[in-house]
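# Notes for the structure review
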Amino acid sequence: MYIPYINLVKYCEDLAITAQKASRLFIFIGLASCFARLMTGRLCNDKRVKPVYIYQASMVTAGLSAFMLPLATEYWNLITFSVIYGVSDGVFMSTQNFILLTCVDSKRTTASFCINNLVYALAAAAGGPIAALIADQTGNYVYSFYMTGGVLLTAFLIPVILVFVNRAKYKVHPRLDSEVDEEEEETVHTVSKEVQTQDQAQEFGTKLCAGTLTRMRSASAII
């Protein structure tokens, strides 16, 4: 996700665009990302909107824009790329955190957030050197942008493939309503047994306390 940011200025210099003008592209990226994060947060608060779909759309948009970056040869083309990629980045970051914090229970929220940041940091740290190695071997930054687009599109395709795999499994081994009813009845029966056991234990404890008090009173009367 960060490879275009790292190599954008050098790529602009290869196109005879000054570093000063290239640095202004980050202004468009930052403004677009901020706007996208605010709008995405409002959208994710709407119960009718599924954050997963927004997340997947941002991955596709970022991947395609990274693939199209080598075709940008004019400064206004790079501005367009900066705005689109900045919006994708803002949507990606907002929906990623939202999905992560809502797909697990409250007890595992902290652990899942930490694990995600750890894995994401390792991947982000490895992306820059790999892209630089590709640029050194090929002599340009085009293939590093292709690599970025390929990784982002692969990240988009993995959840889609898993959805189809799960649907195929459900069609092969569908759960019948009778099986669901049997599981519910078994669960209710187990809970009923536990409640009866607790009631019996409480009743036994009450009788035991009453018997102890009776014996203590009899002993006091004899004394």
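Quantities reported herein were computed from a predicted structural model and do not represent experimental measurements.

So, how was this worked out
Residues numbered from 1 in each chain as written. Predicted model: local features only at pLDDT ≥ 70, side-chain atom pairs only at ≥ 80, totals over all residues. Heavy atoms only, no water. Axes fitted to C-alpha atoms, helices over the stretch in contact; angles between N-to-C directions. Helix = DSSP H or I, 4+ residues; strand = E, 2+ residues; numbered from the N terminus. Left-handed = near helix turned anticlockwise from the far one by under 90°. Nonpolar A, V, L, I, M, F, W, Y, C, P; charged D, E, K, R; others polar. Buried < 20%, exposed > 50% of the residue type's maximum accessible area, 1.4 Å probe, protein only. Contact = heavy atoms within 4.5 Å. pLDDT = per-residue confidence, 0-100. Core = buried A, V, L, I, M, F, W, Y, C linked by side-chain atoms within 4.5 Å. UniProt positions renumbered as here; feature names shortened; annotations may be inferred. Salt bridge = Lys/Arg side-chain N within 4 Å of Asp/Glu carboxyl O.

### Some thoughts on the packing of helix α3 (residues 25–44) against helix α5 (residues 75–102)
- α5 packs onto α3 with a crossing angle of 35 degrees between their chain directions and a minimal axis gap of 7 Å. Here α3 runs over α5; the crossing is right-handed.
- Of the residues assigned to the contact of α3 with α5, the class counts are 14 nonpolar, seven polar and two charged.

### A word on the environment of Gly-128
- You can see Gly-128 is positioned in helix α6 (residues 109–138).
- Given a relative accessible area of 18%, Gly-128 falls into the buried group.
- When the C-alpha positions of Gly-128 and Met-1 are compared, they lie 9.8 Å apart, and in sequence the two are 127 residues distant.
- In this structure Gly-128 touches Ile-3 and Ile-6, once residues within four positions along its chain are discounted.

### Focus: the confidence of the model for the protein chain
- Confidence along the protein chain averages 77 in pLDDT terms, with 75% of residues attaining 70 or more.
- Low pLDDT (under 50) marks residues 175–180, which in the prediction has three contacts with non-local residues, meaning those over four places away or in another chain.

### Points about the nonpolar core
- Membership of the largest hydrophobic core comes to 25 residues, with the highest contact counts inside it found for Cys-12, Leu-69, Leu-78 and Tyr-85.
- Elements supplying a minimum of two residues to this core: α1 (3–14), α3, α4 (51–68), α5 and α7 (142–172).
- If you tally residues by element for this core, the top one is α5, at six residues.
- Apart from the residues lying within four places of it in its own chain, the contact partners of Leu-78 are Tyr-11, Cys-12, Leu-15, Ile-17, Leu-25, Leu-69 and Ala-72.

### As for the UniProt feature "transmembrane region" (unreviewed entry) in the protein chain
- The UniProt record annotates "transmembrane region" (unreviewed entry) at residues 52–72, 78–101, 113–135 and 141–165.
- The distance separating the terminal C-alpha atoms of residues 52–72 is 30 Å; by composition the span is 81% helix and 0% strand.
- Between the first and last C-alpha atoms of residues 113–135 the distance is 33 Å; the span itself is 100% helix and 0% strand.

### Some details on the side chain of Ser-94
- Counting through the fold element by element, Ser-94 comes out in helix α5.
- Those residues in contact with Ser-94, other than ones at most four positions away along the chain, are Arg-37 and Thr-40.

### Quick notes on the pattern of salt bridges
- For the structure on display, the rule yields three salt bridges.
- A salt bridge links Lys-10 to Glu-13; its shortest N-O distance comes to 4.0 Å. Residue Lys-10 and its partner Glu-13 are located together in helix α1, separated by three residues, close to a single helical turn.
- Take Lys-10: its relative accessible area is 45%, and that puts it in the partly exposed class.
- The shortest N-O distance in the salt bridge between Asp-89 and Arg-37 comes to 3.5 Å. Highlighted residues: Asp-89 in helix α5 and Arg-37 in helix α3, separated in sequence by 52 residues.
- A relative accessible area of 6% places Asp-89 in the buried class.

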